[in-house]
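Here is how the chains run, residue by residue.
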Amino acid sequence: MNLDFGIIAVVWPALLKGSLVTVQLTLAVLICATPLAVLVALGRDSKIPALRLPLAVFSAVLRGIPPLLVLFIVFFGLPPAGITLDPFPSAVLAMTCYMAFYFGEVFRGGLQSVPPDQWRAAEALGLKPSRTVVRIILPQTLPAVLPPYISHATEVLKGTALATAVAVPELTSAARQVFVVTFRPFEVLIVAALIYAVLDGILLTLQYWGERWAARTGTSIRF
Amino acid sequence: MRTDLLAEYWPTIWNGFLITVLLSFVVLAVSTPIAFFLALARQSQLAVLRWPAGIYVNVFRALPVLIILYFAFYALPQFGMSLTAFQAATAGLVIASSAYLAEDIRAGLAAVDPGQRHAATALGIPYWRSLRRIYLPQAIPIALPPYITRAIIIVKGTALASLVAVNDLTAEAVRAISITYRPYEFLAVAAILYLVINALLAALQSFTERHIALRYGRVAAGPAAVAQ
């Protein structure tokens, strides 16, 4: 067996392009899923059953079936309903759907870590509920939420590889297209793996800083 | 709702379901002992064991599982190793799953008070016996709930095998959709079958949390565990 890494000199533009799509997809999913996840977390513990129960069912279903199946549900399920999306937006939509619930559980844990007195105190001071959430509750959940948030963000990054199944030209799909033509799967996959490792490394560095920040802030925020 | 189409394709869907169950079972059965020894190696005092295990666990957890499956399916033949699709999917999923499971098991082992190990060493109890009699009875109840959570993730992960030519539940559902152009029926059936497997695992989880954890917890706390 002779490995020929010289092939990378020829195919790197395709891999770079794929990496950019992977980064875009990761960011798009994070930007869409994060605010939704806050709403999911608030709704899951809401006093209104009409809000709480459907969200509990959605959460159980979307976290109980394979992410790949969620992608196929969006990819195959929307066109007959009259909605046709390009591969990239349909991948963003599918991943946002299930990640909102995974992140929702993270935020729920964070919200439960805030003493309920804080809600009551804000109410007693006459703050509106929306203002209470934004000004009082969310800032206090940040130290508890940041480390698990970033570790779920690495799941988003790795999960973008699934988008290859619905024809999004991200890194895994670019790698496959390249090695199918060059017959050099090992060399191409090693480089793709290294790129994923670098992107992971960036998120892990953020997590490291985030945890240090959380350790500092988490102790000083108690009154 | 076209129940006639569902009936027509039910045998292939059921076949796919059985392959998903078989794949999940084989992957769990093979990766659990590997993960257990990886977890022990990561706790070892010998750097020759600790380092390779640490690299294995951290490298394979950093990569998308699909990339690992592609290695097994597309890159191994380059080295003269031709596996069937099912074997390649099993190999790829075992490599990924054992890395994740090793971390869950290690967390369980790490949760046992290290004083227990020192005490066992001081009493002259050999390593393997102290592991079996003292360490594991305390670590298993702690590691079991996260183990089953991970098992659910692994079952969901077997859907990736459909992307390397394994005819599992997801693959058969997608095939039925592309022949019949009826997505809702088959997507719903596939989703329900996955939910059934995971509901069984979740039920097992709450059962173990209530019964086994309690029983082992009591045994481990009493003097009887150490006496034998």
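Everything that follows concerns the structure shown earlier in this document.
This one's a predicted model, so the numbers in the text were calculated from it and none came from an experiment.

Colleague: So, the overall build of chain B: which residues are in play, and what are the values?
Modeller: Looking only at helices and strands, one finds 10 helices and 0 strands in chain B. In chain B, the order of α-helices and β-strands from amino to carboxyl end is α-α-α-α-α-α-α-α-α-α. Counting across all 228 residues of chain B, residues that qualify as buried make up 47%. A fraction of 80% describes how many contacts in chain B between residues 6 or more apart in sequence connect residues 24 or more apart. Of the roughly 11,200 Å² of accessible surface on chain B, a fraction of 69% belongs to carbon and sulfur atoms. Across chain B, 16 positive and 9 negative side-chain charges occur, with their mean positions spaced 15 Å apart.

Colleague: Break down unusual backbone geometry for me, with residues and values.
Modeller: Here the phi dihedral of Phe183 of chain A falls at roughly 60 degrees; this positive angle occurs in a residue that is not glycine. Checked against the element boundaries, Phe183 of chain A lands in the loop between helix H7 (171–182) and helix H8 (185–220). By relative accessible area, which is 64% here, Phe183 of chain A ends up exposed. A positive phi angle is found at Tyr181 of chain B, which is not glycine, with a value near 55 degrees. Within the element layout of this structure, Tyr181 of chain B appears in the loop between helix H7 (169–180) and helix H8 (183–210).

Colleague: Got a sec to walk through the packing of aromatic side chains? Specific residues and values, please.
Modeller: Within the structure shown, the criterion is met by 20 aromatic pairs over all chains. Through pairs of rings, three or more aromatic residues link up here, namely Phe179 of chain A together with Tyr70, Phe73 and Tyr74 of chain B.

Quick notes on the rules
- Residue numbers here run from 1 along each chain, matching the order of that chain's written sequence.
- Labels are handed out in written order, letters beginning with A for the chains and numbers beginning with 1 for the ligands.
- It should be noted that, the model being predicted, local features are given only for residues of pLDDT at least 70 and side-chain atom pairs only at 80 or more, the latter also being counted only at that level, while totals for whole chains, interfaces and linings use all residues.
- Excluded from the side-chain calculations are hydrogens and water; all other atoms, namely the structure's heavy atoms, are used.
- Numbered from the N terminus, helices here are DSSP runs of H or I no shorter than four residues, and strands are runs of E no shorter than two.
- Only protein chains enter the accessibility calculation, which uses a 1.4 Å probe; a residue whose area is less than 20% of its type maximum is buried, one above 50% is exposed, and one in between is partly exposed.
- The contact criterion used throughout is that any non-hydrogen atoms of two residues lie within 4.5 Å.
- Per-residue and other accessible areas follow the Shrake-Rupley method at a 1.4 Å probe size, with only the shown protein chains counted as cover for residues.
- The positive count covers Lys and Arg only, the negative count covers Asp and Glu only, and His and the chain ends enter neither.
- To locate a charge, the coordinates of NZ of Lys, CZ of Arg, CG of Asp or CD of Glu are taken.
- In this scheme Phe, Tyr and Trp rings, the latter by its six-membered ring, pair at centre separations within 6.5 Å, and the angle between planes marks the pair as stacked below 30 degrees, edge-to-face above 60, and tilted otherwise.

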